[in-house]
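Breakdown of the fold
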Amino acid sequence: MNTGHSEAKAPRGLELTPFRGLRYDPDRVGSLAAVTSPPYDVVVRPDGLLHLQSADPYNIVRLILPQADTPEARNAQAADTLRRWRSEGVLTADPEPGLYVYEQRDGDGMLQRGVIGALRVSDPDERLVLPHEDVMPHVVADRADLMRATSANLDPLLLTYRGDASATATADLIERTAGQPPLLATTTEDGFHHRLWSVTDSAELAAVQRELADHQALIADGHHRWATYRRLRAEHPSPGPWDHGLVLLVDTARYPLRVRAIHRLLHNLPVVDAVAALDGLFRVRRLDVPLAEAMNALAEAASGGNAFLLAGDGAFHLIDRPDPDLQARTVPVDRPVAWRTLDATVLHATLLDHVWRVPDSPAHIAYIHDAAATVEKAERDGGTAVLMHPVHEDVVRDLARQGVAMPRKSTSFGPKPASGLVLRALDL
């Protein structure tokens with residue numbers, strides 16, 4: 001399918017294009033739940049990866065996180081696996097292009113619905129897709145190598161936009177579609193119920209496309225994949241399939257996302273050394289309580305300023321009230337106040353760079369979404385877990401609109417789309 005666009009007319013806004021989704025044949029796999037995975041950067045290695053690999057021989061982690069001795073071998077393996085699964089009919093293409101309505105629901109009342117499609121990859125100066133975090137070049141390079149090898153978008157990244165009461169075509173379509181029998185329905189191990197529908201009617205597609213053309217989007221999850229889309233689009237002739245990338249668009253005016261923190265694991269810094277270095281610079285309080293109580297104490301402290309929870313020695317250490325002179329010396333002053341007072345800013349500029357002198361590299365820091373997993377790894381390996389309090393979505397959006405990037409891995413929006421429900425092969 002040709003997903004190119006005319007260069008004679010400047011695009012007005014978001015351009016979401018139908019595509020032929022590549023999906024698992026439910027008759028060829030044990031269950032749809034067993035072949036899905038969280039996004040690649042949420043899988044906690046090696047435990048989560050091994051668990052998913054053993055769940056089903058066709059689990060999507062064999063494509064998004066292939067395992068081999070070298071990067072080249074990993075990517076070649078993923079490409080071979082994808083070709084084999086397609087030739088064997090494990091993955092099959094839908095008969096006609098469409099946009100996909102996607103629903104996630106859990107047992108606590110969380111309901112999220114959005115539209116999956118191939119979004120035109122825009123340049124930053126168009127201000128159409130707003131990032132809010134910096135990216136790590138080595139991760140972009142890794143994802144780009146994998147996408148080149150497979151010629152596929154293996155999972156959708158998560159974008160949000162703010163709808164309004166005057167434009168309801170997309171919302172109405174989503175609600176109507178959600179009342180019909182889905183293409184697929186499954187419940188994953190985390191308790192989320194997933195449903196997916198394909199919308200192929202040309203009039204309905206055109207109405208959604210017209211409405212989205214008046215909006216800009218915020219990257220909620222997938223900064224590295226969006227940067228990868230931009231890199232690969234620059235490498236390939238246009239118009240062509242690399243002009244577009246797979247996304248899930250969610251209207252957060254109707255379906256607010258959850259915003260959670262992403263925690264840090266400092267591999268080579270024992271907690272005793274981390275705490276000792278804070279003498280006179282932060283208030284430090286030891287908490288001999290369960291994780292849930294410690295996180296509640298962190299939330300209370302964070303309501304009054306920068307606060308963090310350190311772990312790794314069997315206890316928790318709540319640190320807050322940083323020395324104002326220390327912050328003034330270490331936090332850059334050429335950014336808005338909202339950026340200078342972010343916990344992630346103070347953590348990286350003040351604690352990591354100046355107090356603990358820990359380089360921001362994979363050899364020294366791991367970014368982990370689950371607090372309990374971060375603590376467990378720190379205790380097992382003798383490192384320091386730094387647990388964070390989440391940032392409010394409004395702060396994220398306001399900074400993004402100002403063109404100010406937050407420190408990398410500052411937020412975790414969710415629920416994230418499951419990997420493995422629909423893929424986009426660029427040769428379809």
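Residues numbered from 1 in each chain as written. Predicted model: local features only at pLDDT ≥ 70, side-chain atom pairs only at ≥ 80, totals over all residues. Heavy atoms only, no water.

Here we come to the overall build of the chain. Secondary structure assignment for the chain yields 15 helices and 21 strands. On C-alpha atoms alone, the chain measures out to a radius of gyration of 22 Å, which is about the 22 Å that the 2.2 N^0.38 rule sets for 428 residues. Sequence-distant contacts, at least 24 apart, represent 80% of the contacts inside the chain between residues at least 6 apart. If you sum the accessible surface of the chain, you get close to 17,900 Å²; carbon and sulfur atoms cover 50% of it. Each charge class in the chain was averaged separately, 45 positive and 58 negative side chains, and the resulting centres sit 2 Å apart. (Helix = DSSP H or I, 4+ residues; strand = E, 2+ residues; numbered from the N terminus. Rg over C-alpha atoms; globule rule 2.2 N^0.38 Å. Contact = heavy atoms within 4.5 Å. Areas by Shrake-Rupley, 256 points an atom, 1.4 Å probe, with all protein chains shown as cover. Lys, Arg positive; Asp, Glu negative; His and termini not counted. Charge placed at Lys NZ, Arg CZ, Asp CG, Glu CD.)

Counted under the stated rule, the structure contains 26 salt bridges. With a shortest N-O distance of 3.4 Å, Asp 155 and Arg 225 are connected by a salt bridge. Pair noted here: Asp 155 is in the loop between β7 (152–153) and β8 (157–161) and Arg 225 is in helix α8 (residues 223–235), with a separation of 70 residues, a long-range link. For Arg 225, a relative accessible area of 3% corresponds to the buried category. (Salt bridge = Lys/Arg side-chain N within 4 Å of Asp/Glu carboxyl O. Buried < 20%, exposed > 50% of the residue type's maximum accessible area, 1.4 Å probe, protein only.)

Among the structural elements, Ile 64 can be located in helix α3 (residues 61–64). With 117 residues separating them in the primary sequence, Ile 64 and Pro 181 have C-alpha atoms 29 Å apart. Among residues more than four places away in sequence, those in contact with Ile 64 are Ser 37, Pro 38, Tyr 40, Arg 143, Leu 146, Leu 154, Asp 155 and Ser 419.

Now for the sheet that holds strand β16 (residues 307–311). In spatial order, the strands read β15-β17-β16-β19-β14-β18; together these six strands make up an open sheet with antiparallel pairing. Because the sheet does not close on itself, it has two edges, and the strands there are β15 (283–287) and β18 (365–368). Strand-to-strand twist across the sheet, computed as the mean angle between neighbouring axes with direction ignored, equals 25 degrees. For β16 and strand β17 (residues 316–320), the ladder comprises five bridges, and the chain directions are antiparallel. In the strand pairing of β17, Leu 309 is matched with Leu 318. Helix-sheet contacts for helix α10 (residues 291–302) involve β14 (263–266), β15, β16, β17 and β19 (384–387), and the interaxial angle to β16 is about 155 degrees. Along the sheet, helix α14 (residues 371–381) contacts β14, β16, β17, β18 and β19; its crossing angle with β19, the most-contacted strand, is approximately 160 degrees. (Pairing = 2+ DSSP bridges. Axes fitted to C-alpha atoms, helices over the stretch in contact; angles between N-to-C directions.)

With 110 residues, the main nonpolar core has Tyr 24, Ile 116, Leu 159, Leu 249, Phe 308, Leu 351 and Trp 356 as its most contacted residues. A total of seven residues in this core trace back to one element, the largest contributor, which is helix α13 (residues 343–355). Contact partners of Phe 308, with chain neighbours within four places excluded, come to Phe 282, Leu 298, His 317, Leu 318, Ile 319, Asp 343, Val 346, Leu 347, Leu 351, Val 386, Leu 387 and Met 388. Counting residues in hydrophobic clusters, the runner-up holds 18 residues, among them Ala 301, Ala 311, Phe 316 and Ala 373. (Core = buried A, V, L, I, M, F, W, Y, C linked by side-chain atoms within 4.5 Å.)

Here the focus is helix α5 (residues 137–150). With 14 residues, α5 should cover 20 Å at 1.5 Å per step; its first-to-last C-alpha distance of 20 Å lies within 8% of that length. Within α5, the full set of buried residues consists of Val 139, Val 140, Arg 143, Ala 144, Leu 146, Met 147 and Thr 150. Buried residues along α5 cover an arc of 165 degrees about the axis, so they all sit on one side. Looking at the buried side of α5, the elements it contacts are α3, α4 (71–87), β7 and α8. Once α5 ends, the next one or two residues include Ser 151, with phi positive near 50 degrees. (Expected span 1.5 Å × (residues − 1). Arc of directions from axis to C-beta.)

Turning our eyes to something else, we now look at the pairing of strand β11 (residues 217–221). Burial analysis of β11 places five of its five residues in the buried class, the great majority of the element. Relative to β11, strand β6 (residues 129–130) runs parallel, the two being bridged by two bridges. What sits directly across from Leu 130, in β11, is Leu 218. Alignment of β8 against β11, held across three bridges, turns out to be antiparallel.

Attention shifts here to the confidence of the model for the chain. The share of residues in the chain with pLDDT of 70 or more is 94%, and the mean pLDDT across the chain is 91. For the stretch residues 1–10, pLDDT sits under 50, and the model shows 19 contacts to residues farther than four places along the chain or on other chains. (pLDDT = per-residue confidence, 0-100.)

Turning next to the pairing of β19. Burial of the side chains of β19 extends over both faces: Thr 384 and Val 386 are buried on one face and Ala 385 and Leu 387 on the other. Two elements, β14 and β19, share three bridges in a ladder whose sense is antiparallel. Across the sheet, Leu 265 pairs through a bridge with Ala 385, a residue of β19. Here three bridges tie β16 to β19, and the two strands are oriented antiparallel to one another. Of the residues in β19, the one forming a bridge with Leu 310 is Val 386.

This part is about unusual backbone geometry. Residue Pro 239 is bonded to the preceding Ser 238 through a cis peptide linkage, with omega at 5 degrees. Relative to the helices and strands, Pro 239 resides in the loop between α8 and β12 (244–251). With an omega of 5 degrees, the peptide bond between Gly 414 and Pro 415 qualifies as cis. In this structure, Pro 415 sits in the loop between β20 (412–414) and β21 (424–425). The phi angle at Arg 321 is positive, at roughly 50 degrees, despite the residue not being glycine. Inspection of the secondary structure assignment puts Arg 321 in the loop between β17 and α11 (324–330). We note that Arg 357 has phi near 55 degrees; this positive angle belongs to a residue other than glycine. Examined against the element boundaries, Arg 357 turns out to sit in the loop between α13 and β18.

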